[in-house]
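Geometric and topological summary
The primary structure of each chain is shown beneath.
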Amino acid sequence: MGTEHSKKEGQRSMVFLRKGPKLPAWEDALLAGREPKSLLKRGLRYVSLSLIMKGMTSTPDFLWGLHEVQKLNLSRNQLVLIPPALGKLDRLVVLNLGSNCLKCLPKEIGLLRNLKVLFVNMNCLKEVPAELSLCRKLEVLSLSHNCISQLPLSFTDLTSLRKLNLSNNRFVQIPLCIFALRSLDFLHLGSNKLENIAESIQYLVNLQIFIVENNNIRSLPRSLCYISTLELLNADYNAIQTLPDDLYLLRRLRRIAWNPMDKGLHIAHNPLARPLPEVVEGGLDVLFNYLRDKKEHN
């Protein structure tokens, strides 16, 4: 009887232990005496490590010894600092630091010469280190949902950059360095404090998607009409009253778009002067014909 009672108590204890809080994968591995390298996943393209949603307030020291890692995901934690040791991971191609509490990035990020993709969205950045411009292979950069109001002039060196997301920041004007990024095909500046778009926008000759929704823009520059590659132009929720006569030159805009995900011209929720609201209701062809006729009669 006593033996049976002891067995039952032991089983209950085991069940209780199983239901306890589970350790994060990396802590579990280290406590089990395993090598940190056992956390790496070797895919067809990259050697990767994911420490997403681990509740970390600081990075584990073992991380900076994993020199093989090419794809690192530290997103959705509570990190307040990335140490200079980040520069040791010089094989990194993809780095995700999104959804943390970072107020700055270490200047050693410039040592990541193989970096192609960087996400630092949804943090507390007020500035970006000039050294990031040393990452000449960078193709995708997201700095959205931060507190940034300017970019270093050295960003002109990021000549491989194709996609740049600066939405939900504090830009009053488009940084001059952006106009030198001739490879850009995607530029998101929505939900800032922009009041105008400089004529220099025409230098972004490969731009396909340009989003400036939810700003204080009063007019679209004529030079924007010469970017023949544009397929999506989103200027919803601004203070635009008139449209440039040459807008009809943007022949890759296929429709007046209402769904945020659709390609085309987004011009809703602007105080357009009459008769533009009625013309826009007729569709893109009607709008383009109106602007073309208007230009010919001026």
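Look up a bit, the structure's there.
Here we summarise the structure given alongside this text.

What counts and what doesn't
- Residues numbered from 1 in each chain as written.
- Predicted model: local features only at pLDDT ≥ 70, side-chain atom pairs only at ≥ 80, totals over all residues.
- Heavy atoms only, no water.
- Helix = DSSP H or I, 4+ residues; strand = E, 2+ residues; numbered from the N terminus.
- Buried < 20%, exposed > 50% of the residue type's maximum accessible area, 1.4 Å probe, protein only.
- Contact = heavy atoms within 4.5 Å.
- Areas by Shrake-Rupley, 256 points an atom, 1.4 Å probe, with all protein chains shown as cover.
- Salt bridge = Lys/Arg side-chain N within 4 Å of Asp/Glu carboxyl O.
- Expected span 1.5 Å × (residues − 1).
- Pairing = 2+ DSSP bridges.
- Phe/Tyr/Trp six-rings, centres within 6.5 Å; stacked < 30°, edge-to-face > 60°.
- Lys NZ or Arg CZ within 6 Å of the ring centre and 35° of its normal.
- Core = buried A, V, L, I, M, F, W, Y, C linked by side-chain atoms within 4.5 Å.

Another aspect to go through is the overall build of the chain. Within the chain one finds four helices and eleven strands. Taking all 298 residues of the chain together, the buried fraction comes to 46%. In the chain, 31% of the contacts between residues at least 6 apart in sequence involve partners at least 24 apart. Of the roughly 16,000 Å² that the chain leaves accessible, carbon and sulfur atoms contribute 51%.

Counted according to the given criterion, the structure contains twelve salt bridges. Notably, a salt bridge pairs E231 with R252, separated by 3.9 Å at the nearest N-O pair. Of this pair, E231 sits in the loop between β9 (209-211) and β10 (232-234) while R252 sits in the loop between β10 and β11 (264-266), and the two are 21 residues apart along the sequence. We classify R252 as partly exposed; its relative accessible area is 40%.

Over its 13 residues, helix α4 (residues 284-296) runs 18 Å from end to end, which matches the ideal 18 Å to within 8%, given 1.5 Å per residue. Where α4 is buried, its residues contact β11 and α3 (276-281).

Turning our eyes to something else, we now look at unusual backbone geometry. Comment: phi is negative for the bulk of residues other than glycine, and the bulk of peptide bonds are trans. Cis geometry is adopted by the peptide bond preceding P275, which originates at R274 and carries an omega value of 10°. Take P275: it is sitting in the loop between β11 and α3. Even without a glycine there, the phi angle at S191 is positive, about 55°. Mapping S191 onto the fold places it in the loop between β8 (186-188) and β9.

As a further point, take the environment of L194. Positionally, L194 belongs in the loop between β8 and β9. Distance from L194 to N238, taken between C-alpha atoms, is 9.4 Å for residues 44 residues apart in sequence.

A word on the sheet that holds β8. Here eleven strands make up an open sheet; going across it, the order is β1-β2-β3-β4-β5-β6-β7-β8-β9-β10-β11 and the pairing mixed. Among the strands making up the open sheet, the edge pair consists of β1 (41-42) and β11. Relative to strand β2 (residues 47-50), β1 runs antiparallel, the two being bridged by two bridges. By the bridge assignment, K41 is partnered in β2 with S48.

Another aspect to go through is the packing of aromatic side chains. Across all of its chains, the model carries zero aromatic pairs by this definition. In this structure, R292 is placed above the aromatic ring of Y248, and the distance from its NZ or CZ to the ring centre is 4.7 Å.

Take the nonpolar core next. With 83 residues, the main nonpolar core has L151, I178, F210 and L287 as its most contacted residues. Where this core is concerned, the elements lending two or more residues are β2, α3 and α4. Not counting residues within four places of it along the chain, the set of residues in contact with L287 comprises L243, I256, L265, L276, V279 and V280. Judged by nonpolar contacts, the second largest core, of five residues, contains Y46, V93, V94 and V140.

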